[in-house]
Amino acid sequence: MAKMKATAFFCKECGHESAKWMGQCPACRAWNTMVEEPAAKKDSVRKTASGGIKVVSKPVKLEEVSIEEQDRISTGYRELDRVLGSGIVAGSLVLVGGDPGIGKSTLLLQVGRNLAGSGHKVLYISGEESLKQIKLRANRIGSIAGELFFLCETSLDDIEKAIREVRPEAVIIDSIQTMYREDVSSAPGSVSQVRESTNILLQIAKGMEIAIFIVGHVTKEGVVAGPRVLEHMVDTVLYFEGERNASYRVLRAVKNRFGSTNEIGVFEMREQGLAEVENPSEYLLSGRPEEASGAVVACSIEGTRPILLEVQALVAQTNFGMARRTAAGTDYNRVNLLMAVLEKRCHYEMSRYDAYVNIAGGVRMNEPALDLAIVLALVSSLKDRPVDPKTIIFGEVGLSGEVRAVSMAEHRVHEAAKLGFERCILPQVNMGKIKRADGIVLCGVHNVKEAIGLL
Ligand code: TYD
Ligand code: MG
């Protein structure tokens, strides 16, 4: 009798395993993502890799564990260091996800160059590009000095050998979806391959105290497993995002065992590779139309940094029975809620109008402190009356139209003062906490009506 092949079904979004096929993944609720793959053989998971994780055999107290300061290596980019939690930790596994073509390879090549330049040994392993292609890219980003080694390889066994031979301090794996292990029978990019490969890399990283960066493409369709399958295995998950046709890119930490997850790093894609944007506010406000209705400047806090940005709204009479609403760069439901507040508390007939809200520059911000700016942008567009371009606005709006306190108000005011703003509309409750205003006129408001009256 023919032996039954042992297969299982995996969700290629989240990696959920099931014995039978299902149209919808019960774990992440994605449709049509289950694919059939050979089930992971129990004995294929190596219990201890040769030189793998050293088992701590004796329980110890935390104070006996020493953490040295020099454990962190700087990447040479302050923006990236901040997202990682002040540098790379030896022995950590970092996943860098993002859409194809967003600049992941470029970023990591530049990081490799910086590390090599500061005296660290780096191995860059590409399964996607030939050495020639890498060289072409390297030529664009400038000269490379120091010990940066390249390898074009997709077999993990060979990669492991190379790592043991070169003994680098950092390894870059360009796209986990191209890597494969021979003892796993499914194709490269499948859920089990991607998982098993990461497992090996995890053991190498922890066992040899090497920092490993893994590139993972975000895939919308096809049989390639997405980086979410790996999120629980790695120490840090970074997503590189941005509009393909806008030049700046935002690096966001989604998970970080060695730092906070709300920091962002801002980069700009130039002819000569990625450059850091040290002052994102200036960047996001550049090219702002002054004297245009529906545009206001708001301030959002990302991690520890205040960032000024422009909120735009366009309100136009609706032509059909159903009013259209869109929100780009912010939460759609939040915009609907704010419009309902305007309708009910301030008696604007918003249901007769289409409304489009946009955060200029293609960034995505969801902080409640943007509420008041969105509301005032909508009113400004509705009345076709421009807001003074030297005014900055922040505050959370509640369902009864009240303006509620936000965190770090003083930081926001300072950032605005630094960039030459003259007036700030903010929640009245925050007024008491601001000691220094740096010459900015502060207008505290209790509710939305009061704020509209100030325009
Ligand atoms: P890449 O790093 O290959 O993206 P990923 O690895 O995420 O797929 O980046 C590709 C894009 O970046 C490509 O469209 C060209 C652009 N680019 C520049 O604009 N300037 C440069 O110096 C480099 C190297 C790339
Ligand atoms: Mg690439």
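1. Some remarks on the packing of aromatic side chains
Okay, so step 1: Across all of its chains, the model carries four aromatic pairs by this definition.
Okay, so step 2: Seen from their ring centres, Phe240 and Phe267 are 6.2 Å apart, and the 75° between their planes marks the pair as edge-to-face. Of this pair, Phe240 sits in strand S11 (residues 236-241) while Phe267 sits in strand S13 (residues 264-270), and the two are 27 residues apart along the sequence. Neither Phe240 nor Phe267 differs from the other in exposure class; each is buried.
Okay, so step 3: Between the aromatic rings of Tyr248 and Tyr283, the centroid separation amounts to 5.9 Å while the plane-to-plane angle is 80°, which identifies the pairing as edge-to-face. Placement of Tyr248 in strand S12 (residues 248-256) and of Tyr283 in helix H6 (residues 280-285) is noted, with a sequence separation of 35 residues between them.
Okay, so step 4: With a relative accessible area of 5%, Tyr248 lands in the buried category.
Okay, so step 5: Accessibility expressed as a relative area gives 25% for Tyr283, which makes it partly exposed.
Okay, so step 6: Clustering of aromatic rings is evident, with ring pairs tying together Tyr77, Phe240 and Phe267.
Okay, so step 7: Over the ring of Phe394 we find Arg412; its NZ or CZ atom is 5.5 Å from the centre of that ring.

2. Section: the sheet that holds S12
Okay, so step 1: On the basis of which strands lie adjacent, the open sheet formed by nine strands has the order S8-S7-S9-S10-S6-S11-S12-S13-S14 and mixed pairing. Edge positions in the open sheet fall to strand S8 (148-152) and strand S14 (273-276), since each of these has one partner strand only. Looking at each pair of strands side by side, their axes are set apart by 25° on average, direction ignored.
Okay, so step 2: As paired strands, S12 and S13 are joined by five bridges and run antiparallel to one another. Paired with Tyr248 across the two strands is Glu268, which belongs to S13.
Okay, so step 3: Docked against the sheet, helix H2 (residues 104-117) engages strand S6 (93-98), strand S7 (122-126), S8, strand S9 (170-174), strand S10 (211-217), S11, S12, S13 and S14, running at close to 160° with respect to S7.
Okay, so step 4: The sheet contacts of helix H4 (residues 156-166) involve S7, S8 and S9, and relative to S7 the element is tilted by about 165°.

3. Structural notes on the confidence of the model for the protein
Okay, so step 1: Residues with a pLDDT of 70 or more make up 93% of the protein, whose mean pLDDT is 87.
Okay, so step 2: In the predicted structure, residues 43-52 sits below a pLDDT of 50 and forms 14 contacts with residues beyond four places in sequence or in another chain.

4. Comments concerning the nonpolar core
Okay, so step 1: The biggest cluster of nonpolar side chains holds 46 residues, and the ones touching the most others in it are Val311, Leu342, Leu372 and Leu378.
Okay, so step 2: Formed jointly, this core draws a minimum of three residues from each of two domains, domain 2 (72-278) and domain 3 (283-454).
Okay, so step 3: The residues touching Leu378, leaving out its near neighbours within four places in the chain, are Ala313, Val315, Met339, Leu342, Met350, Ala355 and Val357.

5. A look at the sheet that holds strand S19 (residues 391-393)
Strand pairing in a sheet relies on backbone hydrogen bonds, with the paired strands running either antiparallel or parallel.
Okay, so step 1: The seven strands are arranged S17-S18-S16-S15-S19-S22-S23 in an open sheet whose pairing can be described as mixed. Sheet topology places strand S17 (325-328) and strand S23 (441-445) at the edges, where each strand pairs with a single neighbour. This sheet shows a mean twist of 25° between the axes of neighbouring strands, independent of strand direction.
Okay, so step 2: Direction of pairing for S19 relative to strand S22 (residues 423-427): parallel, over a ladder of three bridges. Counterpart to Thr391 in the pairing with S22 is Arg423.
Okay, so step 3: Sheet strands in contact with helix H7 (residues 332-345) are S17 and strand S18 (353-359), and its direction is about 130° off that of S17.

About the cut-offs
- Residues numbered from 1 in each chain as written.
- Chains lettered and ligands numbered in written order.
- Predicted model: local features only at pLDDT ≥ 70, side-chain atom pairs only at ≥ 80, totals over all residues.
- Heavy atoms only, no water.
- Phe/Tyr/Trp six-rings, centres within 6.5 Å; stacked < 30°, edge-to-face > 60°.
- Helix = DSSP H or I, 4+ residues; strand = E, 2+ residues; numbered from the N terminus.
- Buried < 20%, exposed > 50% of the residue type's maximum accessible area, 1.4 Å probe, protein only.
- Lys NZ or Arg CZ within 6 Å of the ring centre and 35° of its normal.
- Pairing = 2+ DSSP bridges.
- Axes fitted to C-alpha atoms, helices over the stretch in contact; angles between N-to-C directions.
- Contact = heavy atoms within 4.5 Å.
- pLDDT = per-residue confidence, 0-100.
- Core = buried A, V, L, I, M, F, W, Y, C linked by side-chain atoms within 4.5 Å.
- Domains from an automatic or database assignment.

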